[in-house]
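# Observations on the model geometry
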Amino acid sequence: MVRLCFRAVHTYKINSGKAKPVQRISGIKRFIHLNYTKMGSSRHYAMEYEDFHSNINESSTDVNLDTGELKESFKEILRTRIEKLLTNLEEEENHWMKYDDYSIYTGTAGIAFMFYQYGKCFNKPDYIDRAMKLLKRCVDKYKNKRDITFLTGTVGPLALNAVILYSQGHHEEAHKMISEIKSLSSIVLNENSPILDELLYGRAGYLYALLFLNANISPLPIQDEVIKQVIALMIKSGNMYAATTKYNTSLMYTNNTSYLGAAHGLAGILYILLQARQYLTESQLEKDIKPALKFLQHVRYPSGNFPSIMGSSSDQLVHWCHGAPGMTMLFCLAHKVYQDENFLETAIQCGDVVWSRGLLRKGNGICHGVAGNAYTFLCLFQVTKDLKYLHRASKFAQWCLSPHLERIPDRPHSLFEGLSGTIYFLIDMQHPLSAKFPAYTI
């Protein structure tokens, strides 16, 4: 049962296994889980929920076993808590507006993304209007107009604002923003530029923005040729660096080190490329991307988790950005594209890792928190229709509603580190089969 009675207490930070009081962030309620024996030196809490099985008691799960959907009573609890958390966030507007950060990742644009999602899901047009106003401010205030990624650059606010404006009938304004995004292709396609290829700061983040626009606006505003050129350069870059390494892979990328995860590494790049599969050649699919997927499978830890970087023997990180959660979505999609059951098995193993080690002490964010890890189960549910994964997602949602000792993120209201991301996930739980990890799944 979800605990709805909360008591505000002082916030604590964890340092070397000890809980020390710190200055609390104004107005944000932090709750403390008093069972300190669970903390230890681990990065995660011990799993306290019963897993789904054939003889599970109806009262032990939030899934309606007759309909295969979440119970309406649980969805109502989620709706109530979403409204409460949203109120908390809005009361803190002066706090999150003071940061000079207008990105999707940790800034105002990400909060606008959540407002837009809330407005769509619950038919609240005022929140869609508010999202547009916030995004206009983000576009106007962004200092470096040449930042080219959806998550951390000006491209994110531009693309999201264009989609919302277009949906509200403001086509001319939307196309002005799309033109700005297109103009950055000359920078992205410059082989001599120092631009990386990763999702967070590189070409994959630009490619995501192009795909996001084409997925949400009709007729398609981005020409095939532009997308194909970005893809070709990303694959060429990966081929060239892979050839300089000792790794047996067709693609590898570097940002001073060879990252493997969703945010900075090979997995995130492959995931975006596979979502652009209609623009890929058969050779790119079979000779470039598929061998890289096989390589990733080969470097897994025995636990089923993945290293954050090549050569790491530290099987600790279970985050969307580094480790099994971000890999789940990649291998589910790889299974869909290649019809290879081995890829699905890898995704299922990732799900087991997240179930056992995914209740993170870092908090409830989506980049490196419990809400982000829960998308593992939503993805697996969408692919397999196995109620076990809907049950697991609901338990992670319960966790997000319950008081626990957690670290304070640098941007505690933001989409990827903080409260907005938790709300975004809880909104997605209203419609699990259509849930999409923001800025990663088209």
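Report on the accompanying structure. Everything numeric in this text was worked out from a predicted model, so none of it was measured. (Residues numbered from 1 in each chain as written. Predicted model: local features only at pLDDT ≥ 70, side-chain atom pairs only at ≥ 80, totals over all residues. Heavy atoms only, no water.)

### Section: the overall build of the protein chain
Secondary structure summary: the protein chain contains 16 helices and four strands in total. Radius of gyration (C-alpha) of the protein chain: 21 Å, near the 22 Å computed for a compact globule of 442 residues. Each principal axis of the C-alpha distribution contributes one length, and for the protein chain these read about 55 × 50 × 45 Å. Evaluated residue by residue, the protein chain yields a buried proportion of 60% over its 442 residues. Long-range pairs, those at least 24 residues apart, make up 67% of the contacts in the protein chain between residues at least 6 apart in sequence. Here the protein chain displays about 18300 Å² of accessible surface, and carbon together with sulfur accounts for 48% of that area. (Helix = DSSP H or I, 4+ residues; strand = E, 2+ residues; numbered from the N terminus. Rg over C-alpha atoms; globule rule 2.2 N^0.38 Å. Buried < 20%, exposed > 50% of the residue type's maximum accessible area, 1.4 Å probe, protein only. Contact = heavy atoms within 4.5 Å. Areas by Shrake-Rupley, 256 points an atom, 1.4 Å probe, with all protein chains shown as cover.)

### Things to note about helix 9 (residues 224–243)
Residue pairs three or four apart in sequence face the same way in an α-helix, which turns once every 3.6 residues. With 20 residues, helix 9 should cover 28 Å at 1.5 Å per step; its first-to-last C-alpha distance of 29 Å lies within 8% of that length. Along helix 9, the residues classified as buried are Ile-227, Val-230, Ile-231, Leu-233, Met-234, Ile-235, Gly-238 and Ala-242. Residues of helix 9 that are buried make contact with helix 7 (185–188), helix 8 (203–216), helix 10 (266–275) and helix 11 (282–298). (Expected span 1.5 Å × (residues − 1).)

### Structural notes on the environment of Tyr-45
Checked against the element boundaries, Tyr-45 lands in the loop between strand 2 (18–21) and strand 3 (63–64). Each C-alpha atom of the pair Tyr-45 and His-404 lies 9.5 Å from the other, and the pair is 359 residues apart in sequence.

### What to know about the side chain of Ser-258
One can find Ser-258 in the loop between helix 9 and helix 10. At 3.4 Å, the side chain of Ser-258 and the side chain of Tyr-241 are in polar contact. Contacts of Ser-258, omitting those with residues within four sequence positions, involve Tyr-241, Tyr-247, Met-252, Tyr-253, Ser-308, Ile-309 and Met-310. (Polar contact = N/O pair within 3.5 Å; in protein donor to acceptor, adjacent residues only side chain to side chain.)

### Re the pattern of salt bridges
As enumerated under the stated definition, the model contains 16 salt bridges in all. For the salt bridge of Glu-191 with Lys-236, the shortest nitrogen-to-oxygen distance reads 2.9 Å. Taken together, the residues Glu-191 in the loop between helix 7 and helix 8 and Lys-236 in helix 9 connect sequence positions 45 residues apart. For Asp-197, the salt bridge goes to Arg-203, with nearest N and O atoms at 3.2 Å. The exposure class assigned to Asp-197 is buried, which follows from its relative accessible area of 7%. Linked by salt bridges that have partners in common, Glu-72, Lys-75, Glu-76 and Arg-79 make up one network. (Salt bridge = Lys/Arg side-chain N within 4 Å of Asp/Glu carboxyl O.)

### With respect to the packing of aromatic side chains
Applying the stated criterion to the full structure yields 28 aromatic pairs. Arranged with centres 6.0 Å apart and planes meeting at 20 degrees, the rings of Phe-306 and Phe-331 form a pair that is stacked. Taken together, the residues span a long stretch of sequence, with Phe-306 in the loop between helix 11 and helix 12 (324–338) and Phe-331 in helix 12 at a distance of 25 residues. Phe-306 sits in the buried class, given a relative accessible area of 1%. Note on Tyr-338 and Phe-343: the rings are 6.0 Å apart at their centroids and 65 degrees apart in plane angle, and the pair reads as edge-to-face. Classification of Tyr-338 as buried rests on a relative accessible area of 13%. Look at Phe-343 and you get buried, because its relative accessible area is 0%. A network of ring pairs unites the aromatic residues Tyr-105, Tyr-271, Trp-320, Tyr-375, Phe-416, Phe-425, Phe-437 and Tyr-440 as a single cluster. Its guanidinium or amino end placed over the ring of Tyr-99, Arg-411 lies 4.0 Å from that ring's centre, counting from NZ or CZ. (Phe/Tyr/Trp six-rings, centres within 6.5 Å; stacked < 30°, edge-to-face > 60°. Lys NZ or Arg CZ within 6 Å of the ring centre and 35° of its normal.)

### Details of unusual backbone geometry
Omega for the peptide link from Ser-218 to Pro-219 comes to 0 degrees, which places this bond in the cis form. Examined against the element boundaries, Pro-219 turns out to sit in the loop between helix 8 and helix 9. Even without glycine at this site, Asn-123 takes up a positive phi of about 55 degrees. Residue position: Asn-123 is located in the loop between helix 3 (108–121) and helix 4 (125–141). Residue Asn-123 is classed as exposed on the basis of its relative accessible area of 65%. Its identity is not glycine, yet Asn-256 carries a phi of approximately 70 degrees, on the positive side.

### So, the state of the cysteines
This model, assessed by the stated rule, comprises zero disulfides. With no disulfide partner, Cys-321 has as its closest neighbouring cysteine sulfur the one in Cys-367, 3.7 Å distant. Note on Cys-321: relative accessible area 6%, which makes it buried. In this model Cys-332 remains outside any disulfide bridge; the closest cysteine sulfur is found in Cys-379, 3.6 Å from its own. Residue Cys-332 is classed as buried on the basis of its relative accessible area, which comes to 3%. (Disulfide = S-S within 2.5 Å.)

### A closer look at the side chain of Asn-214
Here Asn-214 is to be found in helix 8. Residue classification places Asn-214 among the buried positions, given a relative accessible area of 9%. Within the structure, Asn-214 has its side chain in polar contact with the backbone nitrogen of Ile-222 (distance 3.0 Å). A polar contact of 3.3 Å, which involves the side chain of Asn-214, links it to the side chain of Tyr-279.

### Brief notes about the environment of Lys-362
With respect to the element layout, Lys-362 can be found in the loop between helix 13 (341–357) and helix 14 (370–384). Owing to a relative accessible area of 32%, Lys-362 belongs among the partly exposed residues under this scheme. Along the sequence, Lys-362 and Glu-406 sit 44 residues apart, while their C-alpha atoms lie 5.6 Å from each other. Setting aside chain neighbours within four positions, we find Lys-362 in contact with His-319, His-368 and Arg-407.

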